[in-house]
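One-letter residues, chain by chain:
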Amino acid sequence: MMSSLFPGLLDARYLFWLLKGFGLTLQLSLITIVLATLLGLLVAAAREQRWLAVPCVVYLSVMRNTPLLVQLFFWYFGAASLVPEVWMVWLNTPKSLLGVPWPSFEWLAALFGLTLYSAAFIAEEIRAGIRGVGRGQRAAAAALGLTGWQAFRWVILPQALRIARGPLFGQYMNVVKNSSLAMAIGLAELSYASRQVETETLKTFQAFGVATLLYMFAVMLVQVAGRRRAA
Amino acid sequence: MIELKNLCKQFVQKNGQPFNAVDNVNLVVPEGEICVLLGPSGCGKTTTMKMINRLIEPTSGQVLINGEDTAGIDTVSLRRNIGYVIQQIGLFPNMTIEDNIMVVPRMLGWDRKRCRERARELMSMVALDPDRFLHRYPKEMSGGQQQRIGVIRALAADAPVLLMDEPFGAVDPINREQIQNEFLLMQRQLGKTVMLVSHDIDEAIKLGDRIAVFRQGRIVQCAGADEILAKPADEFVASFVGHDRTLKRLLLVQAGDVADAQPTLTASLDTPLQQAFGTMDDHDLRYLTVVDADGKPLGYVKRKDAKASDGVCADRLNPITITSNPDENLRVVLSKLYEHNLTWMPVLDADGRYNGEVSQDYIASFLNSGKTHGRQRAAPK
């Protein structure tokens, strides 16, 4: 065995745990990024409508002014006691959706919490982008006879996203890092796995060292994706 | 045709007082004409124009386009049927030039092929190579090129009415002059009904079939350029068009107009000097142009040389140093005269034949004759 030759290294079995956790981190982050971006867009657009502005501001301040850990606890423990019993049973029942196995409630709660939290920040970045689009652009779109929605979709939004791209990818990096908090509600992602490996092997440095490298790798992937789009 | 009837726009000021930005404006722009709304900033000219496509809702009054009250048309279809050249160009930086030009036609449901053809046609109208530019982004073009795109974007769907909000303000004077000329050439072919906002009197003179001078929300004078310059309605108009307004009128008259107003008097090489003197004496001239059999000028004879001489014109011929063509405006002609320290020069037609002359006396009497009113528009060069 490798570990008997190099006693400092982790056994393949433990590396596999870590990689499995890393896979879950990547999956959760990616889906969160997609959903949070869509939700963020919606919120940013809704904030421009006078009658939707107040609920949006309430949502944004709740999400941005409370710790993510508390929010995750709230969705995992609090929501479970708030929603009807039947819903919880249905959510916890193993089933298959178009061949994809139904995820655990931990995973669902983590995704839900992380998405709502990240969407608030993303919405603010997009809104800053929208504010950054020249006033004349809106006037030009109106003068050409674009409806409010068409002007937003084809003129304002593409420019806003270009302006907001840097900060937006910064938020995506945060999503990857924030996903580690899901270990607190028992989701076996990378941080959870590294903790587990450490407990089993007592090789603290190696376990968290590998986890650190994997997180850095994931964040770098996001960074590279951001650069690619900028070019 | 655009008709504004008792158009008003009232804003409420910060102190709660109502303020009439546009105050009972009545204006008719006949089909195919360019009307320039001219005035200092804050005079209501832009507000007036924006009420036509309802970027600003009128407080009261009517806007009629080809006789139809626009109040009954929803803003989106109204705007799609009115070309609009926005201040500061206003191209969309996230779209290619082709997409920019075709925004309105696509919304009107034109198919891809028709859009593509139309884009190419428009590009060639402003002498931009479609293959080179259609797939570029606005920032990859010069300011002058962007300005041209701004104009053809407004023409894309071939709307009969065109509104232009200080359309040539964002480019340097040399480019502006050139784009204005191109625009006039295009307008001559297209015959759009154009309303153009400007604060530049020279632009107004150059482009406007008629000029409406605004002050504090009202039209103080609406007339052709020459009338505004020759007979400003009040001290405000006079000072706005500038105290050198008579010099500006020179822009509106061409050498040919002056030449046409005189009898064409010439002599030939073998005309006896005594006969030439008689012609000059009869018409109170100080010189007479000598032409060949085709009517092309060979030189001139002076009255004092001819007075007491025998012989023919060929004996006393003076060379002609400069000539003018009939399309040159009087400002250019006068400039040439001063440059060469002369008081007159012959006007030659396209074939080089003598067609009359322009002199300082002729220019002065022409400006006082009032003949400039029904002018034909100068061909831009």
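As annotated in an unreviewed UniProt entry, chain B carries the name Quaternary amine transport ATP-binding protein and comes from Jeongeupia chitinilytica.

Labelled according to an unreviewed UniProt entry, chain A appears under the name ABC transporter permease, originating from Jeongeupia chitinilytica. As recorded by UniProt, the Sequence similarities (unreviewed entry) comment attached to chain A reads in full: "Belongs to the binding-protein-dependent transport system permease family. HisMQ subfamily."

### Things to note about the sheet that holds strand 11 (residues 266-267) of chain B
Across a sheet, paired strands are connected by hydrogen bonds in the backbone, their directions being either parallel or antiparallel. All names here are of chain B. The three strands lie next to each other as 11-12-13, forming an open sheet whose pairing is mixed. Because the sheet does not close on itself, it has two edges, and the strands there are strand 11 and strand 13 (297-302). Both strand 11 and strand 12 (residues 287-291) contribute to a ladder of two bridges, which runs parallel. Bridge assignment links Ala267 to a residue of strand 12, and that residue is Val290.

### A closer look at the nonpolar core
Judged by nonpolar contacts, the single largest core of 80 residues is most densely connected at Leu4, Leu37, Ile52, Leu163 and Met195 of chain B. Here the element with the most residues in this core is helix 8 (residues 148-178) of chain A; it accounts for 12 residues. Residues within four places of Leu4 of chain B in sequence aside, it is in contact with Val25, Asn26, Leu27, Thr48, Ile52, Gln62, Val63 and Met195 of chain B. Counting 49 residues, the second-largest nonpolar core is a separate cluster that includes Ile89, Ala156, Met186 and Val241 of chain B.

### A look at the sheet that holds strand 8 (residues 193-198) of chain B
All names here are of chain B. Pairing in this open sheet of six strands is mixed, and the strands run 6-7-8-3-9-10 from one edge to the other. Single-partner strands in this sheet number two, and they are strand 6 (82-85) and strand 10 (218-223). The mean inter-strand angle of the sheet, taken between neighbouring strand axes irrespective of direction, is 15 degrees. Sheet topology places strand 3 (residues 34-38) next to strand 9 (residues 210-215); four bridges connect them, and they run parallel. Residue pairing in the sheet places Cys35 in a bridge with Arg210 of strand 9. Running over the sheet, helix 7 (residues 143-155) touches strand 6 and strand 7 (161-165) and is turned about 170 degrees from strand 6. Helix 8 (residues 173-190) rests against strand 3, strand 7 and strand 8 of the sheet, and its axis sits at about 140 degrees to strand 3.

### Things to note about the UniProt feature "domain: ABC transmembrane type-1" (unreviewed entry) in chain A
In this numbering, the UniProt entry assigns the feature "domain: ABC transmembrane type-1" (unreviewed entry) to residues 22-223 of chain A. The distance separating the terminal C-alpha atoms of residues 22-223 of chain A is 18 Å; by composition the span is 81% helix and 2% strand.

### Structural notes on unusual backbone geometry
Residues and elements named next belong to chain B. Look at Asp158: it is not a glycine, yet its phi comes out positive at around 60 degrees. Take Asp158: it is sitting in the loop between helix 7 and strand 7. Here the phi dihedral of Asn341 falls at roughly 55 degrees; this positive angle occurs in a residue that is not glycine. With respect to the secondary-structure elements, Asn341 resides in the loop between helix 16 (330-339) and strand 14 (344-348).

### Here we look at the domain arrangement of chain B
Per the domain assignment, the segments of chain B are domain 1 (2-243) and domain 2 (255-369). If you average the C-alpha positions of domain 1 of chain B and of domain 2 of chain B, the two centres end up 44 Å apart.

### Structural notes on the interface of chain A and chain B
The partner chain B presents 17 residues to the 17 residues of chain A that form the contact. For the pair chain A and chain B, the summed buried surface comes to about 1,400 Å²; carbon and sulfur atoms form 65% of the total. The largest per-residue losses of area from chain A upon contact with chain B belong to Ala143, Leu144 and Gly145 of chain A, which jointly make up 39% of the total buried on that side. Put simply, chain A and chain B have zero salt bridges between them.

Quick notes on the rules
Residues numbered from 1 in each chain as written. Chains lettered and ligands numbered in written order. Predicted model: local features only at pLDDT ≥ 70, side-chain atom pairs only at ≥ 80, totals over all residues. Heavy atoms only, no water. UniProt positions renumbered as here; feature names shortened; annotations may be inferred. Pairing = 2+ DSSP bridges. Helix = DSSP H or I, 4+ residues; strand = E, 2+ residues; numbered from the N terminus. Core = buried A, V, L, I, M, F, W, Y, C linked by side-chain atoms within 4.5 Å. Buried < 20%, exposed > 50% of the residue type's maximum accessible area, 1.4 Å probe, protein only. Contact = heavy atoms within 4.5 Å. Axes fitted to C-alpha atoms, helices over the stretch in contact; angles between N-to-C directions. Domains from an automatic or database assignment. Buried area = accessible area lost by both parts, 1.4 Å probe. Salt bridge = Lys/Arg side-chain N within 4 Å of Asp/Glu carboxyl O.

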